[in-house]
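What follows is the residue order along each chain.
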Amino acid sequence: MEMTPLAALLSDIKACTICKDVLPFAPNPVLRVQETSKILIIGQAPGLRVQLTNLSWNDRSGDELRRWLGVSRTQFYDTDIFSIMPLGFCYPGRGTHGDLPPRPECAPAWHRRVLALLPDISLVLLIGQYAQRYYLGKTAYPTLTETVSKAEQYLPLYFPLVHPSPRNKRWHIKNPWFATDTIPLLQSVVQPYLSS
């Protein structure tokens, strides 16, 4: 049976080696996309646990993201609802203060081609500064905090979020508006896609 264009593209992505000389492990692109998805989650890059389990957001950050979204694990991994495509598809390795930034080669090589095959995407969650800089460009504010605080300005297509890493506890303490205002807004925007 002939592969769909998306399946053929995913096969090409899985075989990608453009960063192999700078990755700590053999390339293992991790993403979950389907033509019928309504929401696209664009984060930074897979963490080590995701690299090892081959399942996007399969860690404590993913648990927190699901809590913010108000969705179950089953809903989160339902590709009729969510596609997941990080800025960098492979685990970039560890730095002094956590994981290294996503590799810069990945998004320019693949994102536009994947997006062209996801016609039903109506909402894109941009998680972290790298995704926001790449997709919002000059419309992003100088800091991630400012951009996330103005999330409503980017609707209906984009919704910028801070990374749900446990390392960001101090940020949440300094920015209580995220819990009181941004999370309820996020859930109100996501909810219609869960019942359709």
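Procedures and definitions
Residues numbered from 1 in each chain as written. Predicted model: local features only at pLDDT ≥ 70, side-chain atom pairs only at ≥ 80, totals over all residues. Heavy atoms only, no water. Axes fitted to C-alpha atoms, helices over the stretch in contact; angles between N-to-C directions. Helix = DSSP H or I, 4+ residues; strand = E, 2+ residues; numbered from the N terminus. Parallel < 35°, antiparallel > 145°, perpendicular 65-115°, else oblique. Contact = heavy atoms within 4.5 Å. Nonpolar A, V, L, I, M, F, W, Y, C, P; charged D, E, K, R; others polar. Core = buried A, V, L, I, M, F, W, Y, C linked by side-chain atoms within 4.5 Å. Buried < 20%, exposed > 50% of the residue type's maximum accessible area, 1.4 Å probe, protein only. Expected span 1.5 Å × (residues − 1). Polar contact = N/O pair within 3.5 Å; in protein donor to acceptor, adjacent residues only side chain to side chain. Phe/Tyr/Trp six-rings, centres within 6.5 Å; stacked < 30°, edge-to-face > 60°. Disulfide = S-S within 2.5 Å. Pairing = 2+ DSSP bridges. Left-handed = near helix turned anticlockwise from the far one by under 90°.

## Some thoughts on the packing of helix α3 (residues 60–69) against helix α10 (residues 177–195)
Here comes step 1: Where α3 contacts α10, the two axes come as close as 8 Å, and the packing angle between them is 75 degrees. With respect to α10, the element α3 is oriented roughly perpendicular. Contact residues: α3 offers Arg67, Trp68 and Leu69, while α10 offers Phe178, Ile183, Leu186, Gln187 and Val190.
Here comes step 2: Among the residues forming the contact of α3 with α10, the class breakdown is 6 nonpolar, 1 polar and 1 charged.

## Observations concerning the environment of Ile127
Here comes step 1: Note on placement: Ile127 falls in strand β5 (residues 123–127).
Here comes step 2: Each C-alpha atom of the pair Ile127 and Leu65 lies 9.7 Å from the other, and the pair is 62 residues apart in sequence.
Here comes step 3: Ignoring any residue separated from it by four or fewer positions in sequence, one finds Ile127 in contact with Ile41, Ile42, Gly43, Gln44, Trp57, Leu65, Gln132, Leu161, Val162, His163 and Pro164.

## Things to note about the nonpolar core
Here comes step 1: Ranked by internal contacts, the top residues of the largest apolar core, which has 28 residues, are Ile41, Leu65, Leu69, Phe76, Phe82, Leu125 and Val190.
Here comes step 2: Counting residues per element, the ones that place at least two in this core are β1 (39–42), α3, β2 (82–84), β5, β6 (158–161) and α10.
Here comes step 3: If you tally residues by element for this core, the top one is α10, at 7 residues.
Here comes step 4: Here Ile41 is in contact with Trp57, Leu65, Phe76, Phe82, Ser83, Ile84, Met85, Leu125 and Ile127, once residues within four sequence places are set aside.

## Describing α10
Working note: α-helix, 3.6 residues per turn, so residues spaced by three or four point in the same direction.
Here comes step 1: The terminal C-alpha atoms of α10 lie 27 Å apart, and with 19 residues this matches the ideal 27 Å at 1.5 Å per residue to within 8%.
Here comes step 2: Of the positions making up α10, those classed as buried are Phe178, Thr182, Ile183, Leu186, Val189, Val190, Tyr193 and Leu194.

## Considerations on the side chain of Arg66
Here comes step 1: Assignment of secondary structure puts Arg66 in helix α3.
Here comes step 2: Judged by relative accessible area, Arg66 falls into the buried class, the value being 4%.
Here comes step 3: Looking at Arg66, its side chain comes within polar contact range of the side chain of Asp63, at 2.9 Å.

## Considerations on the packing of aromatic side chains
Here comes step 1: Across all of its chains, the model carries 9 aromatic pairs by this definition.
Here comes step 2: Plain terms: the ring middles of Phe25 and Tyr91 are 6.0 Å apart, the flat faces sit at 35 degrees to each other, and that makes the pair tilted. Of this pair, Phe25 sits in the loop between α1 (5–14) and β1 while Tyr91 sits in the loop between β2 and β3 (94–95); the two residues are 66 residues apart in sequence, bridging distant segments of the chain.
Here comes step 3: Phe25 sits in the partly exposed class, given a relative accessible area of 38%.
Here comes step 4: An angle of 65 degrees between the planes, with centres 4.8 Å apart, marks the rings of Trp68 and Phe178 as edge-to-face.

## Some thoughts on the state of the cysteines
Here comes step 1: Inspection of every chain in the model, using the stated rule, returns 0 disulfides.
Here comes step 2: Left without a disulfide partner, Cys16 is nearest to the cysteine sulfur of Cys106, which lies 6.2 Å away.
Here comes step 3: The class for Cys16 is buried, based on a relative accessible area of 14%.

## Observations regarding the pairing of β5
Here comes step 1: Along β5, 5 of the 5 residues are buried, which leaves the element largely enclosed by surrounding structure.
Here comes step 2: What you see with β5 is no split at all: Leu123, Leu125 and Ile127 on one side and Val124 and Leu126 on the other are buried throughout.
Here comes step 3: Both β1 and β5 contribute to a ladder of 4 bridges, which runs parallel. Bridge pairing in β5 links Ile39 to Leu123.
Here comes step 4: Pairing of β5 with β6 involves 4 bridges; the strand directions are parallel. By the bridge assignment for β6, Val124 is matched with Tyr158.

## Focus: the packing of α1 against helix α5 (residues 106–115)
Two quantities define a packed helix pair, namely the angle between the helix axes and the distance between the axes.
Here comes step 1: With their axes 11 Å apart at the nearest point, α1 and α5 run at an angle of 165 degrees to one another. In terms of axis orientation, α1 runs roughly antiparallel to α5. Between α1 and α5 lies a crossing whose hand is left-handed. Across the interface between the two elements, Leu9, Asp12 and Ile13 from α1 touch Trp110, Arg113 and Val114 from α5.
Here comes step 2: Its residues placed into classes, the contact of α1 with α5 shows 4 nonpolar, no polar and 2 charged.

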